[in-house]
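Chain and residue survey
One letter stands for each residue in the lines below.
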Amino acid sequence: MEKCMMHTNYFHLIMFFILSISFVSITCGETHQKGEVDRVSSMYEDVHIGLVVDMSSMEGKFVRNSISMALSDFYHVNNGYRTRVSLLTRDSHGDPLQALAAAMDLLQTEQVETLVGGQSLLEAKVLAELGEKAKVPVISFQVPSSSTLSKYSYFIQATHDTYSEAKGVTTLFRNFDWATVVLIYEDDDNWRESIQPLVGHFQQNAIHIEYKAEISVSCNEECIMKHLRKIKSLGIRIFVAHVSESIANILFPCARTLGMMEEGHAWILTARSMNNFQDTNYLSKEAMEGVTGFKSYIPSTKELHNFTLRWKRSLIPEEVTRMSICSVWAHDIAWSLARAAEVSRVHLLEGILESTTKHKGLSGDIKIMDRKIISYKFEIINIIGRGDQRSVGLWSSGSFISKNRRKNSSSTNVLETIIWPGGTTRTPKARLSKEEKRSEKKKLRVLVPAGNFRPQLLEVKTDNKTGVTAARGYCIEVFETSIRPFNYEVEYIPWPVAFNYHHYNELVYAIYDQKDKYDVAVGDITITDNRSTYVDFTLPFTDIGLAVVAAKDKSMWIIFKPMTLGLWLTIVAFFILTGAVVWIIERHDNTDFQGSYAHQIGTMLSFGFSTLVFAHRERLEHSLSRFVVIVWIFAVLILTSNYTATLTSVMTVQQIQLKSHENIGFFWDSIAAKLVYDNPTFQGPTYKGLKAADDFINALRNGTILFIVDEVPYVKLLVARYPSQFYIVKTESLTNGFGFVFQKGSPLVQNVSREIAMLRRTEKLKSMENWWFRRDSMSSTADNTCDPLSVYTFRGLFMITGVSFAFALIVYLIPWNREQRQAVIKHFQRYVSHRFGRAIRPSPTTMA
């Protein structure tokens, strides 16, 4: 009641502002006449329409793009029209007051002749009131049908027929002999009012509403779990959900956690929910398997297909999943506006409705009723797989219609087979009998470590009021998915532990020692030979072994790491050698290689090194020198390409080798600690025990330790959390991964292991890990690392280059080229005698 009064006061406040600016209608009329004179002189008459939507919402972006593209398409087809409708957009930021201010701005400054908008019922009322005062048509296609909007004569609404939908859902219930239902809907004006036709039809057809769950818009996972537990206690198995996409993303994973998405349950979604679904997340898609819903029917045509392709290309790829119903309606409204502007500017309101009636758009068959453009056909959708929507038939004019449109009947027999939750085709019952309740499920008492050391793996919470323990995380999802086919009800029991090897041993031993209390233990429990003496483990559901993680190298000299020092020196030597060989060949005839000794040495060195970037500017006269340069450039190309590839790997992976004198950290008293001390693979380095995950991070950052050794799942979580700082150096298969713990001889061990194997084969296990670890792949592993390039790697290349250089010199200096050889020898002798003549000239005393 307080909420309704608050909305009423809010609406009255807005009405006060509207009445205070009622002069807008007069101003708009005057400016419209003035603008009319200006437009006549131009080639086309501009007709401005205003769009007021929340541009931060996906639906707002979709509608804007649909209208813009529709107008462009319309005038491409109708190029001879003398009018041109142009779209002016304003952002409402999802607030009714800002929507009002934006609409007033469009009317006063832009003289718009139609307003489009209203994404909530309150926004629609505000814009409708403003349109009534200004005598400007207001069009909305994103709010449900409401009796409070019918009083506005300038308000046009595109929506689905809620009464036809309610009749269809009721007929579905009668065909399946469902006489009891639970309604789940959002506690908001938009949703509360639009569910009333369905409530009325249920009452008229003696379908008892056992419980109404009103879910607040701000309701979180804990709040929804509370609602669902109460619903589950009623024993009702049939649910109708009338919720937004954001609530559905929480509702269905919670329902699956509580076993309410298993065989024997049925979930029906209303058209308002189905029409607005765009981007449900991974968990919701998985959890919604078997849900059935009504959706406004849009016929599949070539025109719709072509428009959808272009519409998707106009948006950011990450935003696009499928074209929404509102986007299709927006397209058709835009065409109706363009036709009405051409035919009847004076009576634009009537023109829009008349154009919509005469011309069929992408949305197919519609009808006009009390200024409402109503879509009265519904497609019955069955959600299968990972959110795939499968059509099983239609509902229209009181009859179900088969998928091939050949049969229609009031019976559901003409529909395709519906796959219900749990993958069954057997129609669920509304309520379990006493015998079915007794045999429905066996309870499985599950012991879970309550330390919450790694929430992504396992997080345990106990409600202080109810005492009910809830668990979530990667381990829980894998377990519940694996145990689901065997019809067990899970009860979680917390076990207080510290993060050490001995406490986890006690937890495992409790399954062996207290069989009357616990059936299974689930969590980050490592499979060991000692523990297997007392209990049975399933197949591991994580990667096995230990991993070594290190901080990424931030050195400024990382560019030199792709090659060894020996290779760098060899390359420099060959650069000099190339210049020397070319100088020897070209020196006699090429003036570019002549001059003073300093100039010749500089030319020789610069020529050699400039071949790295093919920038030598000296002209070569001899074919032999050209041969030498070609061979060396070929070698340079190979060296640079390998350097680039190796540098890329180094920058990405930054290989670090374990050294015997370096400090390595691990969790104190953990499986990793035990193996590090006992296994010869890790002998040599200095080890340091740490007690918290934050100690790991701080120690790596400040250099106290250079590496961390831990089990692969823990290391993956660390690297996924800090991908830019840490990476995996190597892994060793020294542990057996995490497994679920059962009592010795339990038949569930083999069954659950088989389910884990299937999850791994179908890559569902990987998908779960990606979701919880928030990372599709790790930054690096030991297999991706590479050693620096060495001289040995390119020994063949250098051998070919050296032989080629020697060949060129031999050909140049052979006897039949004696003149050039003698010239070189004479030049060398002249240089020696000039440089060292004084040192070797005999003294006069000696001659005497």
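Overview of the structure. Keep in mind it's a predicted model, so treat the numbers as computed, not measured. (Residues numbered from 1 in each chain as written. Predicted model: local features only at pLDDT ≥ 70, side-chain atom pairs only at ≥ 80, totals over all residues. Heavy atoms only, no water.)

Our next topic: the overall build of the chain. Each helix and strand counted, the chain has 29 helices and 28 strands in total. Expressed as a percentage of the 848 residues in the chain, the buried residues total 52%. Sequence separation of 24 or more characterises 74% of the internal contacts of the chain that already satisfy a separation of 6 or more. Summed over all atoms, the accessible surface of the chain reaches about 40,300 Å², with 55% contributed by carbon and sulfur. (Helix = DSSP H or I, 4+ residues; strand = E, 2+ residues; numbered from the N terminus. Buried < 20%, exposed > 50% of the residue type's maximum accessible area, 1.4 Å probe, protein only. Contact = heavy atoms within 4.5 Å. Areas by Shrake-Rupley, 256 points an atom, 1.4 Å probe, with all protein chains shown as cover.)

As a further point, take unusual backbone geometry. A positive phi angle is found at His93, which is not glycine, with a value near 55 degrees. The topology assignment puts His93 in the loop between strand E2 (83-91) and helix H4 (96-109). Overall, His93 belongs to the partly exposed group, its relative accessible area being 49%. In this structure, Ala206 is a non-glycine residue whose phi angle is positive, near 60 degrees. Turning to its location among the elements, Ala206 is positioned in the loop between helix H8 (196-204) and strand E7 (208-215).

Right, let's get into the side chain of Thr270. Within the secondary structure, Thr270 sits in the loop between strand E9 (266-269) and helix H11 (271-276). Assessed through its relative accessible area of 3%, Thr270 is described here as buried. In this structure the side chain of Thr270 is engaged in a polar contact, spanning 2.7 Å, whose partner is the side chain of His242. If near-sequence neighbours (up to four positions away) are discounted, Thr270 is found in contact with Glu165, Ile195, Leu198, Val240, Ala241, His242 and Phe294. (Polar contact = N/O pair within 3.5 Å; in protein donor to acceptor, adjacent residues only side chain to side chain.)

Secondary-structure assignment places Glu379 in strand E13 (residues 378-384). With relative accessibility at 18%, the residue Glu379 sits in the buried group. Among all residues touching Glu379, those that are not within four sequence positions of it are Gly293, Phe294, Lys295, Tyr297, Ser391, Gly393 and Leu394. At a separation of 2.9 Å, a polar atom in the side chain of Glu379 contacts the side chain of Ser391.

Turning to the environment of Leu315, a few remarks are in order. Tracing the backbone shows Leu315 in the loop between helix H13 (302-313) and helix H14 (325-343). C-alpha of Leu315 to C-alpha of Lys61: the two residues are 254 residues apart in sequence and 8.3 Å apart in space.

With that settled, consider the packing of helix H17 (residues 474-483) against helix H26 (residues 764-773). With their axes 9 Å apart at the nearest point, H17 and H26 run at an angle of 150 degrees to one another. On the basis of the axis angle, H17 is roughly antiparallel to H26. Along this stretch, H17 crosses H26, giving a crossing that reads as right-handed. Residue-level inspection shows Tyr474, Glu477, Val478 and Thr481 of H17 in contact with H26, the latter providing Leu765, Met768, Glu769, Trp772 and Phe773. Split by residue class, the contact of H17 with H26 holds six nonpolar, one polar and two charged. (Axes fitted to C-alpha atoms, helices over the stretch in contact; angles between N-to-C directions. Parallel < 35°, antiparallel > 145°, perpendicular 65-115°, else oblique. Left-handed = near helix turned anticlockwise from the far one by under 90°. Nonpolar A, V, L, I, M, F, W, Y, C, P; charged D, E, K, R; others polar.)

Our focus in this paragraph is helix H6 (residues 162-175). In a regular helix each residue adds 1.5 Å, so 14 residues correspond to 20 Å; H6 covers 20 Å between its end C-alpha atoms and thus fits that length. Within H6, ten of the 14 residues are buried, which leaves the element mostly enclosed by the surrounding structure. Thr162, Ser164, Glu165, Ala166, Gly168, Val169, Thr170, Thr171, Leu172 and Phe173 are the residues of H6 that are buried. By the N-cap criterion, in which a side-chain oxygen at the helix start approaches the backbone nitrogen of a residue two or three places on, H6 is capped by Asp161, the distance to Tyr163 being 3.1 Å. Where H6 ends, the next residue or the one after it, Asp177, has phi of about 60 degrees, a positive value. (Expected span 1.5 Å × (residues − 1).)

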